[in-house]
There are 2 protein chains.
Amino acid sequence: MKAAFQGELGAFSQQAIVQLLGKSAKPVPEPWFDQVFAALANKEVDAAVIPIENTLRGSIYENYDLLLKHDFVITGETNVRIVHNLIAPPGMKFSDVKKVFSHQVALYQCIDFFAANPQLEKEVFYDTAGSVKMVMEQRPAGGAAIASDLAAKIYKGKILKRAIEDDSQNFTRFFMLERKGAKPKVGKSSKPWKTSLVFTTKNMPGALFKALSAVALRDLNLTKIESRPLRGKPWEYLFYIDLIGRADDPVVKNALAHLGEVSSFLRVLGTYRAA
Amino acid sequence: MKAAFQGELGAFSQQAIVQLLGKSAKPVPEPWFDQVFAALANKEVDAAVIPIENTLRGSIYENYDLLLKHDFVITGETNVRIVHNLIAPPGMKFSDVKKVFSHQVALYQCIDFFAANPQLEKEVFYDTAGSVKMVMEQRPAGGAAIASDLAAKIYKGKILKRAIEDDSQNFTRFFMLERKGAKPKVGKSSKPWKTSLVFTTKNMPGALFKALSAVALRDLNLTKIESRPLRGKPWEYLFYIDLIGRADDPVVKNALAHLGEVSSFLRVLGTYRAA
């Protein structure tokens, strides 16, 4: 099974692929998220694994938007513990480091580390693992990178500082996507089912409150709500929600029917075992 | 009056400062958002002007987090129309362009332009106006930048393509912040008042629904809801909401008291004239 992910080999998404599909799955790196989705659409891969939210940083907006743009189904979920390391070419000492390259999100997750080390300059790079690869190949003066220990291993970098993220409660939640028609994976998991959906409210007072009543009045547990701007309609929003329950459960079906009455658009994105 | 903003001179935030404080206000550029907040805390400036959401991209997460970390008040709001231009050193033609530098958000707002011009490589830079400055000073081979026409003017770049953003309904909403104790600006505006607040729900079923009932059952108009992760408590969230009404209006005061009953934390971030 081939699974597309964003970044270079050694990215945290690669760990998510192992957790979701096992070590035999072949990770296929793509530079940008839209290319990950395109690879699945073009049948170059069987699945795509994308980060959807991080416990420090929040939702990965772009992937919420791409979920709406494409018509895939979410068939799995997993959480990866994110540990950031300062990585440099062997021979470099911490006192030699002047510039630190990494993805903007990774730099943002190490704000306390940068506050404690004001001599270090932050340099935004498009990918965490890719920043290690670049530092090892191009050896910019005083250059180090922030990435996973897997990335250090792959590109033969030396870890100068381990676990420099601000908060050890740093997890990223990933979705596995497959093309339309893919069945939910039942598996051996004893975890509850989750259902993800997206809707827009009708333009009326208390619209979001009415929409959430479809879920809350049935005692269904809402685990996440995310709002995204509606393109071409400034200051109007799409809402993505996750709830506990399987989409074909009668109570969930009633909630979806009720939500359909009070929303102007509704789509179920998938039903899957909770991580 | 001195107002801090993120980016280099020519950033869209500079336009927001003009709209909020007039042309006599002195814009003080800072490289990162946390430094904008620090400048206000350290009394180096009288106000800070920060982007809070964009109609294509969504909320600027980091600023929501910094609003919580600091104890400032929101005293104003404005919307800036965002027009992205492809800018290069004079003498360069569009067919010479190979690499396009800009802020990740700006690159993301021009996805259709890049899809139509696959020969162009995207290069993430920390700032839009800063990318023009860099392209003009360092002249990387085939390098162009995406930024405002103000940035083109300031750094004497040539606009090769105008308005390359995917959607003309591209606006960014900015907040003006002042230190605690600053009074809301009444002004001559006939616009309604808005109040922004942040809260966490108690850990109980239907918690968000109950919290929103404090607003919806009083027919107060909710214009925005944003969820952010709660640090150290994976998969729990803070909610930021904006509603129409002034914080000292009796109905709004009742709604805030009611919200206080069903939330474990509540803070009013400011009350100000809507843009």
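Everything numeric in this text was worked out from a predicted model, so none of it was measured.

Novice: Would you mind showing me how to read the domain arrangement of chain A here?
Specialist: One widely used convention gives an interface's size as the accessible area the parts lose upon coming together. All names here are of chain A. Annotation of chain A at the domain level lists domain 1 (2-81 + 170-178), domain 2 (85-161) and domain 3 (193-273). The distance between the C-alpha centroids of domain 1 and domain 3 comes to 23 Å. Listed by partner, the interface residues are eleven residues for domain 1 and eleven residues for domain 3. Looking at the side of domain 1 that touches domain 3, the elements with two or more residues in it are helix 3 (61-69) and strand 5 (73-81).

Novice: Can you walk me through the sheet that holds strand 6 (residues 85-88) of chain A in this structure?
Specialist: In a beta sheet, neighbouring strands are held together by backbone hydrogen bonds and run either parallel or antiparallel to one another. All names here are of chain A. Reading across the sheet, the five strands line up as 8-7-9-6-10 and stay open at both edges, with mixed pairing between neighbours. Two strands bound the open sheet, and with one partner strand each, they are strand 8 (121-125) and strand 10 (158-161). On average, each strand axis in the sheet is tilted by 40° relative to the strand beside it, whichever way the strands run. As judged from the three bridges shared by strand 7 (residues 99-103) and strand 9 (residues 143-147), these two strands associate in the parallel manner. By the bridge assignment for strand 9, F101 is matched with A145. Its contacts with the sheet put helix 6 (residues 128-138) on strand 6, strand 7, strand 8 and strand 9, and the angle it makes with strand 9 is roughly 155°.

Novice: I keep staring at the interface of chain B and chain A and nothing clicks. Help me out?
Specialist: Listed per partner, the contact involves 35 residues of chain B and 35 residues of chain A. Among the secondary structure elements, those contributing two or more residues to the side of chain B that touches chain A are helix 3 (61-69), helix 4 (104-108), helix 8 (207-216) and strand 13 (222-229) of chain B. In terms of residue count, strand 13 of chain B provides more of the side of chain B that touches chain A than any other element does, seven residues in total. For the side of chain B that touches chain A, the per-class residue count stands at 17 nonpolar, ten polar and eight charged.

Novice: What is the right way to read unusual backbone geometry from this model?
Specialist: Glycine aside, residues mostly have negative phi, and peptide bonds are mostly found in the trans state. All names here are of chain B. The phi torsion at K43 lies on the positive side, around 60°, for a residue other than glycine. Although it is not a glycine, D219 sits at a positive phi angle of roughly 60°. Under the C-beta neighbour-count criterion, D219 is labelled exposed, with 10 such atoms within 10 Å.

The rules behind each value
Residues numbered from 1 in each chain as written. Chains lettered and ligands numbered in written order. Predicted model: local features only at pLDDT ≥ 70, side-chain atom pairs only at ≥ 80, totals over all residues. Domains from an automatic or database assignment. Contact = placed C-beta atoms within 7 Å. Helix = DSSP H or I, 4+ residues; strand = E, 2+ residues; numbered from the N terminus. Pairing = 2+ DSSP bridges. Axes fitted to C-alpha atoms, helices over the stretch in contact; angles between N-to-C directions. Nonpolar A, V, L, I, M, F, W, Y, C, P; charged D, E, K, R; others polar. Buried ≥ 20, exposed ≤ 12 C-beta atoms within 10 Å, placed from the backbone.

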